[in-house]
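Spelled out from the first residue to the last, the chains are:
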Amino acid sequence: MTETLLRHTAVLNSAHTLLTPSWSDRQHIDLISEAVTRALKGTSLGINDIDFVIDSGSDFLDGRSISNCGFLGAMGAHHKEESRVEEDGLWSLMYGANKIASGAASVGLIIAYSKPSESDVDAFWTSLLEPFIQRPVGLDQRSAAGLYAQRYLAAAGLGADDLRSVSEHAWAAAARNAGVDVSELPTDDAFWNDDFATPLRRSDLSRPVDGAVAILISNAEVAASATSRPIWITGMGSAIDQHFLAAREPDTFPACEVAAKSAYRMAGGIGPADIDLAEVSATSTVGELMVLEAVGLAEKHHGIDLYRDPDQSRINPSGGALPADPIMATGLVRLHEAASRLGGRPGVEATDARTALVHGAGGFGMQNHCVITLEVNS
Amino acid sequence: MKGETMTTTDAPTASDEMESLAAQLRMPYTLTPGWATGIFLAELGRHRLIGSRHGDTISVPAQDFSGTSGEPTEGLVEVAPVGALQGFTTTADGTLGLVLIDGTDIPMIHRLLDFDSETLQIGARVEAVWSDKPVGSMLDLAGFALASSSESFSPRAVPGDLLPPVLQVDYSMTLDYQHAYGPYYGTLFNAVKYDRRLRGVTCTKCARVLLPPRAMCDVCFAPTSQWVDIDAVGTVQASSIVHIEFIGQRMKPPYVYSEIVLDGTSTRLIHMIGDVDAEDAKTAATPGARVRAVWSDRRTGSLTDIDYFKLIP
Ligand SMILES: [Zn+2]
């Protein structure tokens, strides 16, 4: 029963635009059509082979209502079934994979887009909060991260300086990633040391970037003819926590744990030890550690141990979300990064990883979590 | 700087390039807090904190439903406006604390006021600071400051004179945007502003001329190429005479709203037909009627630089 999805849906190809703090000379549609064109390129499939398009974005970020309606042409969705998910693109992927696994469609395009440079990102995050109790007092994404961090660090026996190994790994990996607009580790002293949301510094918070990502998925039959190296979606899970930040656990993400367990179960009872490579999303360093612990890749309060080796390439080899957070597309970019590596695509470092865990987060203060497991034939 | 009587086109300079559009969304709301939160908000004005009971758990602010089980609350309680600090963070906008009110189980987040950041510690006793002018909002409780006394009490039955819930909280959200035009709209609006012409692009597959221009044809998902200059003259495809008033109108009703196919294009442009009596428009601004743009004196680089289209007799 729980294995119906196993090896029914494959990632055929994927692409994203450069992730950069501001695409000031490009519209959403320009970014979206570039990502879609590149995802189709080199495959034997064209736009007419696509059965459906599912996309993720935020009307608040985009500054227009039902913004996907204006982006249909750029998504190649003319006269196709199109549906929008107001959550990170990883939820769109889950929706699309379910459609294919159900037999209702053969080939789908999953798209996510974001131009946070066009709006006030702090106001966007605050707009997610209920307006009676939490919003009026000035709670925002920064202070939410700070409140988690203070309690997590105390419980884990860590100091704010310890978090530098997490952000340094992220930025160093991003500097090696041609898809992210980072040429070198930031050298700005204030970035690493000045208080931003105590105990966190600016370097502990993710950097919003503009960009679009497109993922081409299909059923096994199409995959067999379209690619010699399909990436199978083996497990999926999502779970959401309470909305009131103060009511949530102070130093863990139980919803993320539930999401991971359901993905592991669907993948045939695998566990964290079976995961060769992980690409996870977080809006802060402490958030990243809490995700890694929730999915079981580290013991509770010991996520930091994963960064003892600065050259490790099992966790966020792309750099993760800290240097490049295209809000609403961040998790789907993680899936692209994991699939590129499992597929041995040109332009990424070679790896013998065969399995991957991909994580996306959504909502205020990482309220919502989605976990996908991937596998490639050896 | 451009002269007021300028009629010719200045060559665009770098600073004139059409790069982005400033836009603002302003949305007024009348929010309904509901029963429990409404009473909590109402009672803040009387310097009382009202919580709600959910099994063994007491939460404040009062909630209609349990955040974990979804069960309705078993009733309200009054709690002391004092508690202990469980955590805090400081940003450029101030300091927020997690305050666990005495006798409750779920902390609340609020502003910390009048404290020394050097000595602030988890576990510190804090007390409510009330606003002088209550308005029925969360900020009637201005925040928490270090407690000046050890007075407190256990959660107790709500007072007999409990206020009815605040029924409505007025709220307005204002969001500002700076939308990039990108190369295609940028080229179009530059041409509108400086040359008083429109520019479209041709689809490489279906050969339709698209206005506004774009990188990909919406129908074919094929790239476009080849810019086409378009005269602001065309044929009405459909019209509607607008009689109602609404926010954002540029003309006073009644006026004529039309879909116009400009000569040489394959797309429809939505604009207005002016200089015609609304009654006459019923027969004159019908499908097939020919129209020509009347350019404004303004040069904003948008389609509002066309005041309206005028019927060609
Ligand atoms: Zn075409």
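Computed from a prediction, not measured in an experiment: that's the story for all the values here.

## Quick notes on the overall build of chain A
Secondary structure summary: chain A contains 12 helices and 11 strands in total. Taken over the C-alpha trace, chain A has a radius of gyration of 19 Å; the compact-globule value for 378 residues is 21 Å, and the two agree within 12%. Along the first, second and third principal axes, the C-alpha set of chain A runs to 55 × 45 × 40 Å. When each of the 378 residues of chain A is scored for burial, the buried share is 66%. Pairs at least 24 apart in sequence give 78% of the contacts found in chain A among residues at least 6 apart. Here chain A displays about 12,600 Å² of accessible surface, and carbon together with sulfur accounts for 50% of that area. If the 28 positive side-chain charges of chain A are averaged to one point and the 49 negative ones to another, these points end up 3 Å apart.

## Considerations on the domain arrangement of chain B
Splitting chain B by domain gives domain 1 (5-24 + 177-311) and domain 2 (33-167). A separation of 55 Å is found between the C-alpha centroids of domain 1 of chain B and domain 2 of chain B.

## So, the nonpolar core
A:Leu93, A:Leu139, A:Ile372, A:Leu374 and B:Phe40 are the most contacted members of the largest nonpolar core, which has 130 residues in total. Looking at this core, the element that brings in the most residues is helix 6 (residues 141-156) of chain A, giving 8 residues. The contacts of A:Leu93, once residues within four sequence positions are left out, are A:Ile110, A:Ile215, A:Ile217, A:Ile233, A:Leu332, A:Leu335 and A:Ile372. Residues A:Leu31, A:Ala39, A:Ile47 and A:Ala214 belong to the second largest nonpolar core, which totals 31 residues.

## Remarks on the coordination of the zinc ion
Residue and element names in this part refer to chain B. Looking at the metal site, the zinc ion is ligated by Cys203 (SG), Cys206 (SG), Cys217 (SG) and Cys220 (SG), spaced 2.3 Å from it. Angles of 102 to 117 degrees at the metal separate the 4 donor atoms of the zinc ion, which places the site in the tetrahedral class. Counting along the primary sequence, the residues that act as donors to the zinc ion give the motif C-x2-C-x10-C-x2-C. Neither cysteine 217 nor cysteine 220 differs from the other in exposure class; each is buried.

## Section: the UniProt feature "domain: Thiolase C-terminal" (unreviewed entry) in chain A
When the UniProt feature table is mapped onto this chain, "domain: Thiolase C-terminal" (unreviewed entry) is found at residues 238-372 of chain A. Span residues 238-372 of chain A is 27% helix and 14% strand, its end C-alpha atoms 9 Å apart.

## A short note on the pattern of salt bridges
Residue and element names in this part refer to chain A. Following the criterion strictly, the structure yields 33 salt bridges over all chains and no others. With its nearest N and O atoms 3.0 Å apart, the salt bridge here joins glutamate 257 to lysine 261. Here glutamate 257 pairs with lysine 261, and both are found in helix 10 (residues 254-266), just 4 residues apart, close to one helical turn. Judged by its relative accessible area of 34%, glutamate 257 falls in the partly exposed class.

## Quick look at the interface of chain A and chain B
Opposite the 51 residues of chain A that make contact, chain B presents 52 residues. In total, about 3,900 Å² of surface goes out of reach between chain A and chain B, with carbon and sulfur atoms giving 64% of it. As a salt-bridge pair, B:Asp93 and A:Arg142 come within 2.6 Å of each other at their nearest N and O atoms. Where chain A packs against chain B, one counts 12 residue pairs in polar contact (both at pLDDT 80 or more). Those elements giving two or more residues to the side of chain A that touches chain B turn out to be helix 1 (28-40), helix 2 (59-62), helix 3 (68-75), helix 5 (121-127), helix 6 and strand 5 (195-197) of chain A. In terms of residues, the side of chain A that touches chain B owes the most to one element, helix 6 of chain A, which gives 6 residues. By residue class, the composition of the side of chain A that touches chain B is 22 nonpolar, 16 polar and 13 charged.

## Points about the packing of helix 6 of chain A against helix 11 (residues 285-294) of chain A
Residue and element names in this part refer to chain A. At a minimum axis distance of 9 Å, the contact between helix 6 and helix 11 shows a crossing angle of 60 degrees. Compared by their axis directions, helix 6 and helix 11 come out oblique. Classified by chirality, the crossing of helix 11 by helix 6 is left-handed. Contact with helix 6, carried on its side by Tyr148, Ala149 and Tyr152, involves Val286, Leu289, Met290 and Glu293 of helix 11 and no other residues of that element. Looking at the contact of helix 6 with helix 11 residue by residue, the class counts come to 6 nonpolar, no polar and 1 charged.

## Details of the sheet that holds strand 18 (residues 290-295) of chain B
All names here are of chain B. Strand order in this closed barrel of 5 strands is 15-16-17-19-18, and the pairing throughout is mixed. Across the sheet, the mean angle from the axis of one strand to that of its neighbour is 50 degrees, orientation sign disregarded. By the bridge criterion, 5 bridges tie strand 18 to strand 19 (residues 306-311) in an arrangement that is antiparallel. Following the sheet pairing, valine 294 is matched in strand 19 by tyrosine 308.

Here is what the cut-offs are and how they apply
- Residues numbered from 1 in each chain as written.
- Chains lettered and ligands numbered in written order.
- Predicted model: local features only at pLDDT ≥ 70, side-chain atom pairs only at ≥ 80, totals over all residues.
- Heavy atoms only, no water.
- Helix = DSSP H or I, 4+ residues; strand = E, 2+ residues; numbered from the N terminus.
- Rg over C-alpha atoms; globule rule 2.2 N^0.38 Å.
- Buried < 20%, exposed > 50% of the residue type's maximum accessible area, 1.4 Å probe, protein only.
- Contact = heavy atoms within 4.5 Å.
- Areas by Shrake-Rupley, 256 points an atom, 1.4 Å probe, with all protein chains shown as cover.
- Lys, Arg positive; Asp, Glu negative; His and termini not counted.
- Charge placed at Lys NZ, Arg CZ, Asp CG, Glu CD.
- Domains from an automatic or database assignment.
- Core = buried A, V, L, I, M, F, W, Y, C linked by side-chain atoms within 4.5 Å.
- Donors = N, O, S within 2.8 Å, 3.2 Å for Na, K, Ca; no water.
- Tetrahedral: all angles 85-135°; square planar, octahedral: opposite > 155°, others 65-115°.
- UniProt positions renumbered as here; feature names shortened; annotations may be inferred.
- Salt bridge = Lys/Arg side-chain N within 4 Å of Asp/Glu carboxyl O.
- Buried area = accessible area lost by both parts, 1.4 Å probe.
- Polar contact = N/O pair within 3.5 Å; in protein donor to acceptor, adjacent residues only side chain to side chain.
- Nonpolar A, V, L, I, M, F, W, Y, C, P; charged D, E, K, R; others polar.
- Axes fitted to C-alpha atoms, helices over the stretch in contact; angles between N-to-C directions.
- Parallel < 35°, antiparallel > 145°, perpendicular 65-115°, else oblique.
- Left-handed = near helix turned anticlockwise from the far one by under 90°.
- Pairing = 2+ DSSP bridges.

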